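The residues making up each chain are set out below.
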Amino acid sequence: MSETTRSPMPLSETRSPMPLLFRRHSSGEIRNLASLSSSLLPAFGTVMGESSVRLKRFLIAPYDRRYRLWQAFLVVLVVYSAWSSPFELAFSKASTGALLPVDLVVDAFFAIDIILTFFVAYLDKSTYLLVEEHKKIAFRYVTHLWFPMDVASTLPFQTIYRVVTGKTSRGQVFGFLNLLRLWRLRRVSKFFSRLEKDTRFSYFWTRYFKLICVTLFAVHSAGCFYYWMATRYHNSESTWMGANIPGFKSKSIWLGYTYSMYWSIVTLSTVGYGDLHAVNIEEKIFTIFYMLFNIGLTAYLIGNMTNLIVHTAVRTFFMRDAINEILRYAKKNRLPEGLREQMLAHLTLKFKTAELQQEQVLEDLPKAIRSSILQQLFRTTLEKSHLFKGVSDDFIVQLVSEIKAEYFPPKVDIVIQNEIPTDFYIIVSGAVDVVTYKNGMEQFLSKLGSQQMFGEIGVIFNIPQPFTVRTKRLSQVVRISHHHFKQLVQPLHEDGKIIHTNFIQHLKGLKNEELAEMPLVSEFLDDLISEEASMNEAGAQDQQENEISTTTSSLLKTPPTRVIIHGYQPDRRPKSGGNAGKLIHLPDSIENLLSIAESKFGRRGTTIVMVDGSQVEDLAALREDDHLYIF
């Protein structure tokens, strides 16, 4: 986009980083959104449009893939710097020998990074928008501590001294100046912070590797500094190293480094063999502070490892506690063995499938995403069930967003005979048995498998569930609420007709043994067959459609509301007799309600109030089991 078409508003106030995540361009592409740092997220209300897709020329996005690879490469060099800086302090010969060219190459890479930093856009902490103005980027970098410390940790002081004076110096000052390179360790800390948040890597192993690195750096630094103390002491024989190896300064560098690491590790682990010990007062003071430091480091390591191990086993602890609670409850209440086994099986399955339970996994997701996931998982199952064959896509899309997925272990009753119908179920995987009880004896009726449905007869006819449904093996089912199902079907008349037709065909295919357990269903089918036989050929189609519409609405209608009526005022309850209420189905008008009250109490009332004295003017406002006072 040309500059003439840009908004006059400053880019630092309008540029959002997020559109750049979805296109490949000169500044790279983000492939894993889960690895993004929270510092790259836009502020609430930020407008992200196509006008802010590309950065200015000669600018680098902080989340650019190639820039992130460059930062990862620098982390490797930081590891070398963390090792070489204490090592060159202790063994000054190495700093002017084999390690000198390596140090110069490493410093050159960090000098390049200093230059690149002047071209890396940054996020304004107040607006969370990318700042792309070169002056602001440079001013921010130069005025912060980062710039002078980056420069100080990059300059090769020993090489500069040699070029200026023409002499090679092994003075202690250059060893301490090399320690400025430890400033680069902040990159390692940021690197591990990103890895810990990146779900592509194991959090346990990332933290474990970080703890190892911290320990090795502490051991290496302490050993090198301890050796440096021995080299600078005025009497080399009165040092921990000179007492064991006379003339150690002329010995091999790696011999001294090995002894230093041995002492440091033995001291850190509190083993303390005593073969290497402090001799002079300076070494004793250093050893005192090192051991005090080791106490804190050991506590840090043990605390972190304990948290990591407990984190991996916390679900197992919860499961064991829950199982023990169930066993104590069953023992205290003398529950039968079979019931106790069902309780344990259900609890065990709950923990094993915790990551698969849709209500928990999808709880915090937006409804649109939940609906898409449920369609991906269960749409085929719904479309192939006998009740929903041939219905519209709109109906399936609305229905699938309201279903709930559940797991049931073997030999668990999902539906119990004669219970109140509130839901019906579709089997996703597994199998169930349909049984009934006659004279206290259990009788097997049928077996249902994947994509078959149960519980819908009790729901649609609004009768107690006619059968008990029990799982044969581990089964996953989706549960559909009667309330949601009714709300979806009522405005979709065409789908209601299809569902009615499918339901009738299903009823006609039931076994005689099953129909014998449902007298209401048998009567319904007999009436339907009689009415179909009486249709004349000319008006058969219209009459059948009217019958379907009437029957569908009657099957899916809401059960009548039940209320309790009293024949007196709420604050004047009779002291004796006539104070019992009457349970009735709520009629469709106030006039009919007054007529019913007259037949129940023997007198005509004119006023209807609630228990709090408020007068009833609209019956639609009443709820189940409300108390009405008519006088």
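Residues numbered from 1 in each chain as written. Predicted model: local features only at pLDDT ≥ 70, side-chain atom pairs only at ≥ 80, totals over all residues. Heavy atoms only, no water.

Going by an unreviewed UniProt entry, the chain carries the name Potassium channel and comes from Solanum tuberosum. Among the UniProt annotations of the chain, the heading Function (unreviewed entry) holds the following wording: "Potassium channel." UniProt, in its Sequence similarities (unreviewed entry) section for the chain, records the words "Belongs to the potassium channel family. Plant (TC 1.A.1.4) subfamily." (UniProt positions renumbered as here; feature names shortened; annotations may be inferred.)

**Q** I tried to follow the overall build of the chain on my own but got confused; where do I start?
**A** Helix and strand counts for the chain stand at 23 helices and 14 strands. The burial tally for the chain puts 40% of its 631 residues in the buried class. Taking all contacts inside the chain whose residues are at least 6 apart in sequence as the whole, residues at least 24 apart take part in 68%. Of the roughly 35,800 Å² of accessible surface on the chain, 58% is carried by carbon and sulfur atoms. (Helix = DSSP H or I, 4+ residues; strand = E, 2+ residues; numbered from the N terminus. Buried < 20%, exposed > 50% of the residue type's maximum accessible area, 1.4 Å probe, protein only. Contact = heavy atoms within 4.5 Å. Areas by Shrake-Rupley, 256 points an atom, 1.4 Å probe, with all protein chains shown as cover.)

**Q** I'm lost on the packing of helix H2 (residues 65-90) against helix H9 (residues 185-197) in this one. Help?
**A** For any two helices packed against each other, one specifies the inter-axial angle together with the distance between the axes. The N-to-C vectors of H2 and H9 enclose an angle of 130 degrees; their axes lie 9 Å apart at closest approach. Viewed along their axes, H2 and H9 adopt a mutual orientation that is oblique. Both H2 and H9 take part in a crossing whose hand is left-handed. Listed contacts from H9 to Arg68, Gln71, Ala72, Leu74, Val75, Val78 and Ala82 of H2 are Leu185, Arg187, Val188, Phe191 and Arg194. Class assignment of the residues belonging to the contact of H2 with H9 gives a composition of eight nonpolar, one polar and three charged. (Axes fitted to C-alpha atoms, helices over the stretch in contact; angles between N-to-C directions. Parallel < 35°, antiparallel > 145°, perpendicular 65-115°, else oblique. Left-handed = near helix turned anticlockwise from the far one by under 90°. Nonpolar A, V, L, I, M, F, W, Y, C, P; charged D, E, K, R; others polar.)

**Q** Is there a simple way to think about the packing of aromatic side chains in this case?
**A** Applying the stated criterion across every chain yields a total of 36 aromatic pairs. Aromatic side chains phenylalanine 176 and tryptophan 228 sit 5.4 Å apart centroid to centroid with 90 degrees between the ring planes, which places their arrangement in the edge-to-face category. With a gap of 52 residues between them, phenylalanine 176 in helix H8 (residues 172-178) and tryptophan 228 in helix H10 (residues 203-232) connect regions that are remote in the sequence. When its relative accessible area of 38% is taken as the criterion, phenylalanine 176 is described as partly exposed. Relative accessible area serves as the criterion here: at 9%, tryptophan 228 is assigned to the buried category. Arranged with centres 5.7 Å apart and planes meeting at 65 degrees, the rings of tyrosine 568 and tyrosine 629 form a pair that is edge-to-face. (Phe/Tyr/Trp six-rings, centres within 6.5 Å; stacked < 30°, edge-to-face > 60°.)

**Q** Looking at this structure, I do not really get the pattern of salt bridges. What am I missing?
**A** Side chains bearing opposite charge may pair, as long as their charged atoms lie close to each other. This model, assessed by the stated rule, comprises 23 salt bridges. In this structure, the salt-bridge partner of arginine 66 is aspartate 64, at a minimum N-O distance of 3.7 Å. For glutamate 282, the salt bridge is made with arginine 232, and the minimal N-O distance between the two is 3.3 Å. You can see glutamate 282 sitting in helix H12 (residues 281-332) and its partner arginine 232 sitting in helix H10, a full 50 residues away along the chain. Given the relative accessible area of 43%, arginine 232 is considered partly exposed. A single salt-bridge network, built from bridges that share partners, covers Glu88, Asp103, Asp107, Arg181 and Arg184. (Salt bridge = Lys/Arg side-chain N within 4 Å of Asp/Glu carboxyl O.)

**Q** Just to check I follow, could you spell out the environment of phenylalanine 388 for this structure?
**A** Mapping phenylalanine 388 onto the fold places it in the loop between helix H15 (367-384) and helix H16 (393-400). Excluding anything up to four places from it in sequence, phenylalanine 388 contacts Leu382, Glu383, Phe395, Ile396, Leu399, Phe424, Ile426, Met453, Ile480, Phe485, Ile499 and Asn502.

**Q** How should I be thinking about the pairing of strand S6 (residues 432-438) in this particular structure?
**A** One face of the sheet, then the other: side chains in a regular strand alternate in exactly this way. Burial runs high along S6: five of the seven residues are buried. Taken together, the seven bridges between S6 and strand S7 (residues 441-448) define a ladder with antiparallel strand orientation. Across the sheet, residue aspartate 433 finds its bridge partner in S7, namely lysine 447. Count of turn residues in the S6/S7 antiparallel hairpin: two residues, of which asparagine 439 carries a positive phi of about 55 degrees. Two strands pair when backbone bridges link them, and S6 and strand S9 (residues 468-471) are joined in this way by four bridges, in the antiparallel orientation. Pairing of valine 432 across the sheet is with threonine 471, part of S9. (Pairing = 2+ DSSP bridges.)

**Q** What should I look at first to understand H16 in this one?
**A** Side chains of residues three or four places apart in an α-helix project in the same direction, reflecting 3.6 residues per turn. Residues Phe395, Ile396, Leu399 and Val400 constitute the buried set of H16. Buried residues in H16, looked at end-on, bunch into an arc of 120 degrees, giving them a common side. Packing partners of the buried residues in H16 comprise H15, strand S10 (475-481), helix H18 (482-489) and helix H19 (493-508). (Arc of directions from axis to C-beta.)

**Q** Where do I start with the confidence of the model for the chain in this structure?
**A** Low pLDDT means the predicted atomic positions in that stretch should not be read closely. On average, residues of the chain score 79 in pLDDT, and 82% of them reach the 70 mark or higher. The low-confidence segment residues 550-557, where pLDDT is below 50, has 13 contacts with residues more than four positions distant or belonging to other chains. (pLDDT = per-residue confidence, 0-100.)

**Q** Mind showing me how you'd approach the packing of H2 against H10 here?
**A** It is at 8 Å that the axes of H2 and H10 come closest, and there the two elements cross at 15 degrees. Relative to H10, H2 is oriented roughly parallel. Of the two elements, H2 crosses H10, and the hand of that crossing is left-handed. The residues of H10 that touch H2, namely those facing Ala82, Trp83, Pro86, Phe87, Leu89 and Ala90, are Phe217, His220, Ser221, Cys224, Phe225, Tyr227, Trp228 and Thr231. By residue class, the composition of the contact of H2 with H10 is 11 nonpolar, three polar and no charged.

**Q** I tried to follow the nonpolar core on my own but got confused; where do I start?
**A** Nonpolar side chains tend to gather and get buried jointly when the protein is soluble and globular. Counting residues in each nonpolar core, the largest one holds 52 residues, and the members touching the most others are Leu387, Phe388, Phe395, Phe454, Ile480, Phe485 and Leu507. The biggest single contributor to this core is strand S5 (residues 423-429), with five residues. Excluding residues that lie within four positions of it along the chain, phenylalanine 454 makes contacts with Ile414, Val415, Phe424, Tyr425, Ile427, Val432, Leu448 and Val469. Val188, Phe192, Val219 and Leu301 belong to the second-largest nonpolar core, a separate cluster that totals 42 residues. (Core = buried A, V, L, I, M, F, W, Y, C linked by side-chain atoms within 4.5 Å.)

**Q** It is not clear to me how a nonpolar patch on the surface should be interpreted in this structure. Could you clarify?
**A** On the surface, a nonpolar cluster with roughly 640 Å² of combined accessible area is contributed by Ile281, Ile285, Ile288, Phe289, Leu292 and Ile295. Inspection of the secondary structure assignment puts leucine 292 in helix H12. A residue is classified by how much of its surface remains accessible, and leucine 292, at 52% relative accessible area, is exposed. (Patch = residues over 30% accessible without salt bridge, like charges linked within 9 Å, V, L, I, M, F, W, Y side chains within 5 Å.)

**Q** Help me understand the side chain of aspartate 113, please; the structure alone is not making it clear to me.
**A** You can see aspartate 113 is positioned in helix H4 (residues 99-117). Aspartate 113 sits in the buried class, given a relative accessible area of 2%. Among the polar contacts listed, one links the side chain of aspartate 113 to the side chain of tryptophan 70, at a separation of 2.9 Å. With sequence-adjacent residues up to four places away left out, aspartate 113 is seen in contact with Tyr67, Trp70, Gln71, Leu74 and Arg187. (Polar contact = N/O pair within 3.5 Å; in protein donor to acceptor, adjacent residues only side chain to side chain.)

**Q** What should I look at first to understand the sheet that holds S10 in this one?
**A** Whenever strands of a sheet pair, they do so through backbone hydrogen bonds, lying parallel or antiparallel. Reading across from one edge, S3-S10-S5-S8 is the order of the four strands in this open sheet, with antiparallel pairing throughout. Only two strands of the sheet have a single neighbouring strand rather than two, namely strand S3 (404-408) and strand S8 (453-454). Strand direction decides the pairing type here: S5 and S8, joined by two bridges, are antiparallel. Bridged to tyrosine 425 within S8 is phenylalanine 454.

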